[in-house]
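Residue-level structural notes
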Amino acid sequence: MKIKWLIGLLILGISSCQIFNINPEKDKSNGISIVSGQSFGMCIGKCTVIMQLTDTKVSLEAQERIFENNAPLIKKYNYADKISDSKSKEIYDALNLENIKKLDNKYGCPDCADGGTEWIEILENGESIKKIEFEYGKNIPEIEGLLELLREQRLALINKHL
């Protein structure tokens, strides 16, 4: 009788560890998401691509501008993916929130003469805390390393899904 009781307690104890998730995966993002995008205003096709990274989860949205019955139409394509822990750590390690908050909101002339625009936006618990727009392909010295990592990841997702 005692053995059945002990076995029952043991099973209950093990299952409660899974229910209460005693060892959850470490979320390196601390509620911070990084959005990185590119867009071309005078374009037909998949002209806008937005990537959002939260820990190892990454989403990609492509917006395609087409004409149907002589009217412009935007079609959206959404993809979800995961990146490695090491790649996520590398990107989040390059993110210096204090430096980013000090940067201007706009650099150069984004999307002027259809040169395209890029942006990086930092979300904290889903709310925007900083968005920086700049000319497509240009660098901002204070966040150059972060931009390179985000562009590399965005391009990898574009090549995979689009």
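Going by the structure above, here's the rest.
Read on for a plain summary of the structure. (Residues numbered from 1 in each chain as written. Predicted model: local features only at pLDDT ≥ 70, side-chain atom pairs only at ≥ 80, totals over all residues. Heavy atoms only, no water.)

**Some details on the overall build of the protein**
Condition: Every helix listed is a DSSP run of H or I at least four residues long, and every strand listed is a run of E at least two residues long, numbered separately from the N terminus. Burial classification: accessible surface area is computed with a 1.4 Å probe over protein chains only, and a residue below 20% of its type maximum counts as buried, one above 50% as exposed, and the rest as partly exposed. In this analysis, two residues are considered to be in contact whenever any of their non-hydrogen atoms come within 4.5 Å of each other. Exposure was quantified through the Shrake-Rupley algorithm and a 1.4 Å probe, taking into account, for residues, occlusion by the shown protein chains and nothing else.
Tallying secondary structure elements over the protein gives four helices and seven strands in all. Going from the N terminus to the C terminus, the protein shows its helices and strands as α-β-β-β-β-α-α-β-β-β-α. When burial is assessed residue by residue, the protein has 35% of its 162 residues classed as buried. The long-range fraction of contacts in the protein, counting pairs at least 24 apart against all pairs at least 6 apart in sequence, stands at 55%. Counting only carbon and sulfur atoms, one obtains 54% of the accessible surface of the protein, whose full area is about 10,400 Å².

**Here we look at the nonpolar core**
For the record, the criterion: We call a set of buried Ala, Val, Leu, Ile, Met, Phe, Trp, Tyr and Cys residues a nonpolar core when their side-chain atoms join them within 4.5 Å.
Ile 34, Ile 91, Leu 95, Ile 120, Ile 132 and Ile 143 are the most contacted members of the largest nonpolar core, which totals 25 residues. Only strand E1 (32-39), strand E2 (45-54), strand E3 (57-68), helix H2 (85-94), strand E6 (117-124), strand E7 (127-135) and helix H4 (144-161) provide two or more residues apiece to this core. With six residues, the top contributor of residues to this core is H4. With near-sequence residues (within four places) excluded, Ile 132 lies in contact with Ile 100, Leu 103, Asp 104, Asn 105, Tyr 107, Glu 118, Trp 119, Ile 120, Ile 140 and Ile 143.

**Thoughts on the sheet that holds strand E4 (residues 71-82)**
The condition is simple: Strands are labelled as partners when DSSP assigns at least two bridges between them.
The seven strands lie next to each other as E4-E3-E2-E1-E6-E7-E5, forming an open sheet whose pairing is mixed. Across the chains shown, the open sheet's two edge strands, defined by having one partner strand only, are E4 and strand E5 (106-107). In terms of strand pairing, E1 meets E2 through six bridges, oriented antiparallel. Residue pairing in the sheet places Ser 36 in a bridge with Met 51 of E2.

**Side note on the environment of Gln 153**
Checked against the element boundaries, Gln 153 lands in helix H4. Residue classification places Gln 153 among the buried positions, given a relative accessible area of 10%. In this structure the C-alpha to C-alpha distance between Gln 153 and Ser 88, which are 65 residues apart in sequence, comes to 10.0 Å. Excluding residues within four positions of it along the chain, Gln 153 makes contact with Met 51, Ile 83 and Lys 87.

**Looking at the pairing of E6**
The buried fraction of E6 is high, at seven of eight residues. As defined by bridge partners, E1 adjoins E6 across eight bridges and the pair is classed as antiparallel. Considered in E6, the bridge of Ile 34 is made with Ile 122. Relative to E7, E6 is paired through eight bridges, and the arrangement is antiparallel. The residue bridging Ile 120 from the neighbouring strand is Ile 132, located in E7. Once E6 ends, the chain turns through two residues before running back antiparallel as E7, passing Asn 125 with a positive phi of about 50°.

**Remarks on the state of the cysteines**
Put simply, the rule is: By definition, disulfides here are pairs of cysteine sulfur atoms that lie within 2.5 Å.
Evaluated as defined, the whole model comprises two disulfides. The partner cysteine of Cys 43 in its disulfide is Cys 47, sulfur to sulfur 2.0 Å. Given an S-S torsion of about -80°, the disulfide between Cys 43 and Cys 47 has left-handed geometry. Given a relative accessible area of 22%, Cys 43 falls into the partly exposed group. Sulfur-sulfur distance for the disulfide between Cys 109 and Cys 112 comes to 1.4 Å. Since a negative S-S torsion denotes a left-handed disulfide, the Cys 109-Cys 112 link at about -50° is left-handed. Across the protein, the way the bonded cysteines pair up, counted in sequence order, is 1-2, 3-4.

Everything listed here is a matter of coordinates, which is why it stays silent on function.
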